[in-house]
Amino acid sequence: MVASKKLKMASPEPKGLIPFTRESLECMEQRIAKKHKEEHEEDLKPNVDLEVGKELPFVYGPLPQEMVSEPLEDVDAYYHNQNTFMVLNKKRTIFRFNATWCTLSPFNPIRRITIKMLVHPFFRLFILISVLSDCIFMTMTDFPHWGQNLEITLLGIYTLEILVKLIARGTWTGPFYFFGDPWNWLDFSVTLFEHITIYSPLNFNPILSIARNLRILKIIPLNQGLKSYVGILLHCLKKLTGAIILALFFLSIFSVIGMGFFMGKLKHKCFRWPHENATETMHNRTRNPCYIRETENFYYLEGERDALLCGNRTDASQCPEGYMCIKAGKNPDNGYTNFDNFGWAFLALFRLMTQDYPEALYHQILYASGKVYMVFFIAISFWFAFYIASLFFGIVVMFYEEEKQTTTGKAKKTDPKFQHTLKDLREEDKAAEIEATEMEMKKRSPTSVITSLDMSDAAAVTHEEEHKKSRKRCSLCWYKFAKMILIWNCSPCWLKLKEFAHVIVTHPFTDLFLTVCIILNIFFLALKCHPMSEETINVLSIGNLVFVGIFTTEMIFKIIAMHPYRYFQVGWNIYDSLIVFHGLAELFVMSVYGLSSFHSFQVFQIFKLGKYWLTFKILMLTLTNSLVALKDLILLLSTFVFFSAVVGTKLFGFSYRQYIYNLDEDCQPPRWHMVDFFHSFMNVFRILCGEWVETLWDCFNVAGQLSCVPFYMMVILIGNLLILYLFLALVTSFSSYNATTIEENDEAKNLQRAMARIKKGIHYVLSKILCKRQNVPKDTVESVNDTYVKENISDHTLSDLSNTQDFLKDKERSSSREKNTMTENANQSLISSPTVSETIPIASGDSDIENLDNKEIQNKSGYGSSKEKVKPSSSSECSTVDIAVSEEEMIYEHEKPKHRKNSYEQRSSTGQISRESKKGKVWPNIRKTCCKIVENSFFKCFIGLVTLLSTGALAFEDIYIDQRKTIKTLLEYADMIFTYIFILEMLLKWMAYGFKAYFTNGWYRLDFMVVIVFCLSLIGKSREELKPLTSIKFLRALRVLSQFERLKVVVRALIKTTLPTWNAVLVCLMVWLAFSIMGVHLFAGKFYECIDPTREERFPIHEVSSKNQCESLLFNESMPWENAKLNFDNVGNAFLSLLQVATFNGWIDIMNSAVDSTQVNRQPNFEDNIYMYIYFINFVIIGLFLPLTMLVGVIIANFNKHKIKGGSNIFVTGKQNKQYHALKKLMCEDSLKTIPRPRNKFRRFIFDLVTSQVFNIIIMVLICFQAITIMIQSDEQSQQMDTALHWVNFIFVVLYAAECVLKLISFHCNYFAIGWNIFDFMVVVFSITELFLPLAGYYLIPPSFAQLILLSRIIHILRPGKGPKVFHDLLLPLVLSLPALLNISLLIFLVMFIYAIFGMYNFAYVKKEAGINDVSNFETFGSSMLCLFQVTIFAGWDGMLHAIFNSKWSDCDPEKINPGTQVKGDCGSPSVGIIYFVSYILISWLIIVNMYIVFVTEFLNIASKKKARTLSEDDFRKFFQVWTRFDPDRTQYIDSSKLSDFAAALDPPLFMAKPNRGQLVAMDLPMAVGDRIHCLDILLAFTKRVMGRDVSMEKMLSEIESGFLLASPFKVTYEPITTTLKRKQEAVSATIIQRAYKSYRLRQNDKNASAIHMIDDDREDKATKEDACPEKA
């Protein structure tokens, strides 16, 4: 009844649905035939609201029962002439079918039955259940006895589905046919293959098991959302084609370079020198393929499975005594890590690009080749991990935004009558809800109405939508029953109790008390650790009981005050009740064994704090909305992971069981295998987390390379694309979310009221105690103004609210802000405010006191020179420039109260000098002199140079400084000199600026701190007991920040983008705290194990099962019962362990310890607790992925908010902004200097040859062929191959030399005017030299390096105008963002420098173990920088921290003597190491994230400019470059006949494809004498065509014309005589006249010919008569 009422109302213009009959088919065929006859075709598009799979809008009226599942005429006008009909099911879902070219007619009863089956919702549900059952069956390793019957049954279901679809849709391949859908092709192929394998005598079982896995993908077409996302991702993949090609290109180039550098180097090992085999060994060094196989003679480091690599360079690893470095054995990692041929080199580079275990490859290369090759890896990390990754980010973000705009555009195109219908439906629902509420209120007593409305007003408003949805799901009888049972209005006594409870629960101090209890509860939860004393356990137990009682009381009081009906309609109340029920249940199961994991759910009590935290509410709401919107994408990702796990099990499970001996001598499966579904799922999860290479090596050992590589590449590429799209979608939602509708709930407001009352009370007590009269405002702050709260919340983005303070604090602070100006200035002196004019009395244009350039700030502030007044009283006595004060500031000074005139609030710039009234002019002159000195540019340069020298001197203080006496002495004297210089500078600035101005500037405070550091370090050297003070010398490098404007700009920008995110960071930390507490509950005390010291392995559990058995074993001493260095014994250790899991460094060891854990004081067992993997999976998803999107989104929001208007970003200086156009010119296609065409015929011929496009293509092909010849090389190739490659290389050198000679002949001296030609010339000269020098027995460089130098010409592919245009477009953002990237890179280098010095001072003598070795250590500055580079890319820092954790006698020797120094011991400091690495990771992560944001923003900026109808300077430059080809004599005119070719030769957006003569004529271009058209007229016309007609276009046209006239004044004398349109009209008119005249002449000729013919006939007749007359005579 209600539904029919809605349908009638929803159809203001009802349209009846018409059945599809034979007459309908005939009419459709007639319309189609008529349409083919008509030349004009209507441009119709399908209606968005009538697409297949959507519900039919209510505007088309009700759906009669007799029309359900019956053919209907299509209501979409687009399909009226498409041979289709429409079918609707009970849910009004639209289906379309073709009416012709089918197996059966639409009116055939069999087809009608199949159509009814196909459109019925149960049919789709039945197929979905079958597919899900099949998926569950596929995960089973051991099939039950009924498994085969189930397979046959499912195959029959799939066959029936295909038959139904074939009959219903037909067998054609067009739209709406069976074979028109690719998913039907997949189903048909798999089903047909299954039938063949079942009934075929051949054995196809292995192939069948893999093919059946494709059934999992059948879930995608059954869900329209999944199907649409597959199409979106395929379209996204097309957008990524250019970036993928560029990535493959650079991977190939770097692989070839790696082959040239490291081919065969990883086979060099330290071999024990046996004298009896000396001849054989030396013979093997001469490339004999029979390498030595005696692995026992290799030198192995402790704990390493591969032999020690070595090299012959001085900076490579050296062999110990008794060993020699020779080329022997196989490559590391079972031979899979090498650069011996292109395939393995490509795999190694792909591994580096994905940053999977890169530190191992770094160490191997540096051991074998030397530390200098670290430059190669730095270049790879920047190019792939940053640039290529940023390209993919930018393209996916751009595509995502385009999809959002497309979706929004489709929504806006909704038919207006549909929108009207939906609006009427909403209004009816709202009216019905109001009516029901009024009826309910009338039935209730007045007292209960008032109480209920007071308590649940906010809750009802907040959860109105959820309430409506729940009402729609439930029947009316249920609501009556719920209201009767759950609304308690029993008696007056009960109502009084209800009012009392209402007063209690709504009191502000109640919420304050509950907040304090929640915080204390969190503190008690975090106190749990291992081991704990009995007293601590009792205290925590009592505390748990107390908090459970408090929260239970809160729930009871709220239920009494609100009654259950309203209480459980508030989400937070439901959450609180669940927490209470869990706490009560925990008291009963506390002593039950095996339910320890039940206690871990106490962590959810932490999130009760979110009820009082607005930022938490906003972030969670944003996250929830985003996940709901992206639910189909998440389901698609889950489907792909499940599919990959099943395929891995079926593809490699048998191989892992059959060839396990290749992995383990005892035939025990490794931890990471694919024998069963769960392990395969974990393997896929590990691959998606970025660690795939180690499991790939295992796969190579058991299954081979041909099957493993495709599977791993599929998981890596497709999985990362899905994750990337999901990540960027979430980031976009967090960065663009607007919280205009978010309001604080009553609890948060009550908390503010309570804090306001406490402040008021403290203020009152202090005023009484101090006996001071203070003007306390009469209006007490007992309630927060709701309007004020809304005003503060509205129009704020997520980033604004992430930095919000309590609104009450803001309100109070606003009334007394002027009193706290000194504090605000002190805190924000590093952040320049764009609204405050900073004026300096001394050399304002050059002063380094300013945070930003004065001119720039004044322009932004709107302070013009016309509005400036001179303020005499504000000028210092030593000032040389008067301070300019705006009129607004003068008014402000005039209106200030008198009692504030002497306060510190008076506005003064940071460069103002405090004035002192003194007699005489000596002191002012001294200050003036100091001002001139400190503001002098030479003085600033000198201080900057001294700063760099003092910073660089720190790099020499390594472990070898005591052995270099001279350098040590020089450094000591230099320290004193630097200290005196900086003290003198500080004194000069004190005298020049005064203490007030000096110490209110953040950069000067930083300088002052550095001076203190210098002084303390000198004091520490004077006394032995104060020697630890010298360890703070690393802080000296901070002074560099204040001396260079580029670093200042970056620091300010980082403060603006990162500091406001502190509230979001707290939310993320709260999530991590929850996981840490849960980890303590699950794993505390369970990571201990008994170690066998002889094998350094864990005892099996059948030998040692507990701590007592371990301590009872005696082999000269008791066995060590050791704990893992990273564990969950307390919250602090848990945080550190989770950080390693988050960075995917050392997380495998942590997970191994977790899954092996059993009980406290029990020996771990292999995978005894395997499902603890789920804890880490949840942390990676909930604790890492989602918070990461949140933080990045908030940082982007802050970046966009502070981005300077006009396109420039906040990470560059003003001077660098001016270099933007200069960088664009670097990407120009040709040199700015054009080479004239020679007049000599021979040279002209060669010139045309070398400048032709064909010649350029031939050279590019030669370069590619040369690259291929290098790719086919290998380490162990034959002598014949070497000879062949030598001659091929000789041919390439000759061809390149010939190219060089031809260009020299044609260009002459102009050849060296182009940089690319100079580069080619140098390459050719060097290649010729390297080709002939070996004949004389000399080698400048190895032959492989010479090939790489010749190959360097391949960068011509990236040359603008020569290579693919897509490469130019992808490289342009990198070039334009270079200034900002260089600035940020400088800051990264400074941070690395500071941490490297600190590492040298604290970890130089740490025992070499795990991540600390001969390559990565803190002994020297270079090695420290290598370590920090690894930490910067999150690689291997867990091993370094593991070595620093050695602080006990069992792990290190505190008394060890280090030769050459007085320092003893090789132990580390765990606490210092944790702070060191954690702080560096956080700082470097924030800086690197901003680097990515800068590049992606520049990429999006360029893309948006391309989409906009605008023309850039590059477009005009390209226009004139094409013009020079058509006007070589520079006459500024071209013939009108060439205009069509000229327009077709331009680049977009000025490009006009042929045929274009009609468009050109319509432009009405002016023409001069000789049918010539001027350059400016063409440019203006083409610009109008691109940009349209608006004000900005007219302004641009006037600027172009004025600029052109200034450059070419003779154009003024040019007067057109006609236009192209007039000339065309003249030509048409002339043609018409000519045709008319010709026709007239033809008609005249015809008349004349007929007249002549008549005359001739008359003459003949007359002659005949005359002839007849004589005869008669």
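What you are looking at is a predicted structure, and each value in this text was computed from that prediction instead of being measured.

Asks: Explain the state of the cysteines to me, please; I cannot follow it from the model alone.
Replies: Linking two cysteines covalently through their sulfur atoms gives a disulfide. All chains considered together, the criterion is met by 5 disulfides. Through a disulfide, Cys1452 is tied to Cys1467; the S-S separation comes to 1.9 Å. Classification of the bridge connecting Cys1452 and Cys1467 rests on its S-S torsion, roughly 100°, and on that basis the disulfide is right-handed. With Cys1452 in the loop between α57 (1437-1444) and α58 (1470-1507) and Cys1467 in the loop between α57 and α58, this pair connects stretches of sequence that are 15 residues apart.

Asks: It is not clear to me how the pattern of salt bridges should be interpreted in this structure. Could you clarify?
Replies: Any two side chains of opposite charge can pair if their charged atoms end up close together. Counted according to the given criterion, the structure contains 47 salt bridges. A salt bridge links Asp181 to Lys227; its shortest N-O distance comes to 3.2 Å. Here Asp181 is found in the loop between α5 (147-169) and α6 (182-199), whereas its partner Lys227 is found in helix α9 (residues 224-239), with 46 residues between them in sequence. Using a relative accessible area of 18% as the deciding quantity, one classes Asp181 as buried. Across the pair Glu1299 and Arg1353 runs a salt bridge whose closest N-O atoms are separated by 2.8 Å. One end of the pair, Glu1299, is in helix α51 (residues 1279-1307); the other, Arg1353, is in the loop between α53 (1343-1351) and α54 (1365-1376), and 54 residues separate them in sequence.

Asks: How should I be thinking about the sheet that holds strand β8 (residues 1089-1092) in this particular structure?
Replies: In a beta sheet, neighbouring strands pair by backbone hydrogen bonds and run either parallel or antiparallel. Within the open sheet, the 3 strands sit side by side as β9-β8-β10. Their pairing is antiparallel. Edge positions in the open sheet fall to β9 (1097-1098) and β10 (1121-1122), since each of these has one partner strand only. Across 2 bridges, the pairing between β8 and β10 is antiparallel. Counterpart to Cys1090 in the pairing with β10 is Trp1121.

Asks: What exactly am I supposed to notice about a nonpolar patch on the surface here?
Replies: A cluster of nonpolar side chains, contributed by Phe509, Met755, Ile758, Ile762, Tyr764, Val765, Leu766, Ile769 and Leu770, occupies part of the molecular surface with about 820 Å² of accessible area. Among the elements that make up the nonpolar patch, the one with the highest residue count is helix α29 (residues 746-770) (8 residues). Mapped onto the fold, Phe509 is located in helix α20 (residues 508-526).

Asks: I keep staring at the packing of aromatic side chains and nothing clicks. Help me out?
Replies: For any two aromatic rings, the description comes down to two numbers: the centre-to-centre distance and the angle of the planes. A complete count under the given rule lists 101 aromatic pairs for this structure. Ring plane angle 65° and centroid distance 5.5 Å describe the contact between Phe254 and Phe384, whose orientation is recorded as edge-to-face. Remark: Phe384 occurs in helix α14 (residues 374-412) and Phe254 occurs in helix α10 (residues 241-262); sequence separation between them is 130 residues. Where Trp990 meets Phe995, the ring centres are 5.0 Å apart and the plane angle is 50°; that geometry is what we call tilted. Pairwise contacts between aromatic rings join Phe249, Phe250, Phe382, Trp383, Phe386, Tyr387, Phe393, Phe1367, Tyr1492 and Phe1495 into one cluster. The ring centre of Phe298 lies 5.8 Å from the NZ or CZ of Lys269, which sits over that ring. Directly above the aromatic system of Tyr1296 lies the positively charged group of Arg1353, at a separation of 4.7 Å from the ring centroid.

Criteria and thresholds
- Residues numbered from 1 in each chain as written.
- Predicted model: local features only at pLDDT ≥ 70, side-chain atom pairs only at ≥ 80, totals over all residues.
- Heavy atoms only, no water.
- Disulfide = S-S within 2.5 Å.
- Helix = DSSP H or I, 4+ residues; strand = E, 2+ residues; numbered from the N terminus.
- Salt bridge = Lys/Arg side-chain N within 4 Å of Asp/Glu carboxyl O.
- Buried < 20%, exposed > 50% of the residue type's maximum accessible area, 1.4 Å probe, protein only.
- Pairing = 2+ DSSP bridges.
- Patch = residues over 30% accessible without salt bridge, like charges linked within 9 Å, V, L, I, M, F, W, Y side chains within 5 Å.
- Areas by Shrake-Rupley, 256 points an atom, 1.4 Å probe, with all protein chains shown as cover.
- Phe/Tyr/Trp six-rings, centres within 6.5 Å; stacked < 30°, edge-to-face > 60°.
- Lys NZ or Arg CZ within 6 Å of the ring centre and 35° of its normal.

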